[in-house]
Amino acid sequence: MAGAFRPKVLYRLGGILTGAAVTILLVPNLQNSPELLVLCLAAWTGFCIYLAVLDRTPRAFLFQMAAFSSAVISFPYLDDPGNIFETTAARVQEMTVAILCVTAVHALLQPWSATPAIRARVQSFLGHARRWTAEALGSQHTRLEDAHRRALAADVTELGMIAVHLPFDQRWAPATRRRVTALQQQLATVLPLASAAANRLDRLREAGDLPPELEALLADVTDWLDDEQSELHRVGSLVRRCEALAAAAEARGDWNGLLTASACIRIAEFLTALAASRRLADRIGSPGRPSAKILAAESFSLARDHGVAALAGLATATAIGLYCAVWILLAWPNGSATAAFAALITCSFAAQDDPAPVIGRYLVATLKTFPLAALYLFVILPRVDGYEMLIVTLAPALLWMGYIQADPARSPQALPMFSCFIVAMGFLARFQADFALFINTGLAQLGGIVATLAVTRMFRSANVLWTARRILRANWGELALLADIRRPFRPDRWTARAVDRLGQVAARMAVAPAGDRLRAADGLADLRIGRNIIPIRRALSHVPHNVRHRLGAVLAVLAVFYGDRWRHGHADAPPPGLLDPIDRALEALLSLPLDEHRRPALRALVGMRCNLFPTAAAPHIVSSRAGESA
């Protein structure tokens, strides 16, 4: 997509200029202190990789290119620091011309807009959500939940990644981007609402048959979800039926009535969010001013892990320091090329959980390409004369590599093949086949890859499951902060980060073995509990002191529970002592007239009890309103 390509071009150019500026700042001033110069370059590269891994948006290209360009410009020319300004200017010109040429060709051959891709991703999400919810309401979600929620959570995050490109895509892009942000916020609520409704229905089915009016409502909702072309105007009548059934069930004041009311309200909220999402999706890419609600939508917050980013930056800095130490101590003429290649590989794969397997495949692809480069350099090119024949001769190899790059199964091989082929041949103004130089350059490339692989295994040996556990711990830590009434209250940002983490964990959980403790952690249940904490905190200032005390006791125990999970790193079972505060808070709220703040808090307590203690017996609660109606 040309619209998605343009911002990356700007970020890359900005990164090249930044790296060049750092090179000019450091090399002339520290040329007489090579140890200090290497330390500063390694620290700069590590800092850039830290920012790139932390960012998780297309802006990461800027930081990666800043790290890579400073290493590529600096290391091969440290023996001649007097001409570093001319060398830096030449390297910047070369890289800029290359990027602009690629951009021009890309815009001519693939001038596609990012907007249709966003629409397609939204439609994919809505289709998944409809199918999953229809199955969940029919009690089939335990079999299909993992597959669906992995796709749903990943789609929500990826929408924002694509939306970053919109300002470069069309003249009304700012309005479209705000619509996408509002759409992300709506879609982020779809997942927990649908799963909450399914959870309540499970509890009701365990207690006995569903009431006939609820069965009829579920049948109509499922029919609407199964029909891909269903009309949006039908949502209003379904929502009103849900609300009426919830009000009647809630008035009874018994536990089954509260479960029925919770299920109906969550279904109504899900239908409302799904309909709003469909309306926003239909307006994406259309001109016109968004509504005030859309204009007020904040950006969709992504979850960031400073620990993983710092580890990637530290590994990069240490690796570059070790390469340069070996190069300086051995006085190896081509050691600078080794450091440059190592920096390239380290920067390219720093964002992955465990880069070692990818770097291993990079090494294998490089070894495969050396014979081809030798064939061209010593057999074919000596017989070539002129620019036109050079292009014709190189075309088969380059087209083959480009074809491999376009094949998803083999695309990781393309980068090492291109880099090995081009660098090993060492194009100059005149043909020059130097076997010693060819071998030395090849050894420098292989040395950089092998050294990078060794350092990566030392510093980045953590596997995918380790990263997943870190993400889960971060989510538990934020849940503890969300439940702590002494902390700032920002529910929208928490919901966005929780959905983002759910997508990250679900994608990694697919590789977890059956008995792994990671399987015991339910990110979707944590997301639902967090969304139940929000209305309880909002209700604190709208209830009498004694009720506020009981709600505060629930939040305090939750904060301690999730704080312990965060500290221990295990998905420990909820403490039995949490059940009694929840039941006491339920009883206290049921004794009060319900208003716009107390009613959501009551429903949140019901949902919290179902999520934390699904097998617990029904609480012994009798509301005064239930006694009056009796």
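- In the annotation of an unreviewed UniProt entry, the entry for the protein reads Fusaric acid resistance protein, and the organism field reads Sphingobium ummariense RL-3.

**Describing the packing of aromatic side chains**
Argument step 1. On inspection of all chains with the given rule, the structure shows six aromatic pairs.
Argument step 2. Ring geometry for Phe370 versus Phe438: centroids 6.1 Å apart, planes at 90°, classification edge-to-face. Taken as a pair, Phe370 in helix α14 (residues 356-380) and Phe438 in helix α17 (residues 435-459) lie far apart in primary sequence, 68 residues in all. No difference in accessibility class separates Phe370 from Phe438, as the two residues are buried.

**Structural notes on the side chain of Thr316**
Argument step 1. Tracing the sequence through the fold places Thr316 in helix α12 (residues 306-330).
Argument step 2. Assessed through its relative accessible area of 1%, Thr316 is described here as buried.
Argument step 3. Dropping the residues within four chain positions of it, Thr316 is found in contact with Thr45, Gly46, Ile49 and Thr346.

**What about the UniProt feature "transmembrane region" (unreviewed entry) in the protein?**
Argument step 1. The positions UniProt marks with the feature "transmembrane region" (unreviewed entry) are residues 9-30, 36-53, 308-329, 363-381, 387-406, 413-431 and 437-459.
Argument step 2. Within residues 9-30, the helical portion is 82% and the strand portion 0%, while the C-alpha atoms at the span's ends are 31 Å from each other.
Argument step 3. Between the C-alpha atoms that bound residues 36-53 the distance is 26 Å, and the span itself is 100% helix and 0% strand.

**A closer look at the packing of helix α8 (residues 212-226) against helix α10 (residues 255-283)**
In a packed pair of helices, the relevant descriptors are the angle between the two axes and the axis-to-axis distance.
Argument step 1. Taken N-terminus to C-terminus, the directions of α8 and α10 make an angle of 20°; their axes are 12 Å apart at the nearest point. What the angle tells us is that α8 and α10 run roughly parallel. Both α8 and α10 take part in a crossing whose hand is left-handed. Contact residues: α8 offers Leu214, Leu217, Leu218, Val221, Trp224 and Leu225, while α10 offers Thr260, Cys264, Ile267, Phe270, Leu271, Leu274 and Arg278.
Argument step 2. Classifying every residue of the contact of α8 with α10 by side-chain character gives eleven nonpolar, one polar and one charged.

**Topic: the environment of Leu225**
Argument step 1. Along the chain, Leu225 falls in helix α8.
Argument step 2. Separated by 46 residues in sequence, Leu225 and Leu271 place their C-alpha atoms 9.4 Å apart.
Argument step 3. When residues no more than four places from it in sequence are discounted, the contact partners of Leu225 are Arg130, Thr133, Ala134, Leu137, Phe270 and Leu274.

**Some thoughts on a negative patch on the surface**
Argument step 1. A cluster of like negative charges, contributed by Asp223, Asp226, Asp227 and Glu231, occupies part of the molecular surface.
Argument step 2. Residue placement: Glu231 occurs in the loop between α8 and α9 (233-252).
Argument step 3. With a relative accessible area of 46%, Glu231 lands in the partly exposed category.

**What to know about the environment of Leu271**
Argument step 1. Here Leu271 shows up in helix α10.
Argument step 2. C-alpha separation for the pair Leu271 and Val190, spaced 81 residues apart in sequence, amounts to 8.5 Å.
Argument step 3. Ignoring any residue separated from it by four or fewer positions in sequence, one finds Leu271 in contact with Val221, Trp224, Val235, Leu238 and Val239.

What counts as what
Residues numbered from 1 in each chain as written. Predicted model: local features only at pLDDT ≥ 70, side-chain atom pairs only at ≥ 80, totals over all residues. Heavy atoms only, no water. Phe/Tyr/Trp six-rings, centres within 6.5 Å; stacked < 30°, edge-to-face > 60°. Helix = DSSP H or I, 4+ residues; strand = E, 2+ residues; numbered from the N terminus. Buried < 20%, exposed > 50% of the residue type's maximum accessible area, 1.4 Å probe, protein only. Contact = heavy atoms within 4.5 Å. UniProt positions renumbered as here; feature names shortened; annotations may be inferred. Axes fitted to C-alpha atoms, helices over the stretch in contact; angles between N-to-C directions. Parallel < 35°, antiparallel > 145°, perpendicular 65-115°, else oblique. Left-handed = near helix turned anticlockwise from the far one by under 90°. Nonpolar A, V, L, I, M, F, W, Y, C, P; charged D, E, K, R; others polar. Patch = residues over 30% accessible without salt bridge, like charges linked within 9 Å, V, L, I, M, F, W, Y side chains within 5 Å. Areas by Shrake-Rupley, 256 points an atom, 1.4 Å probe, with all protein chains shown as cover. Salt bridge = Lys/Arg side-chain N within 4 Å of Asp/Glu carboxyl O. Lys, Arg positive; Asp, Glu negative; His and termini not counted. Charge placed at Lys NZ, Arg CZ, Asp CG, Glu CD.

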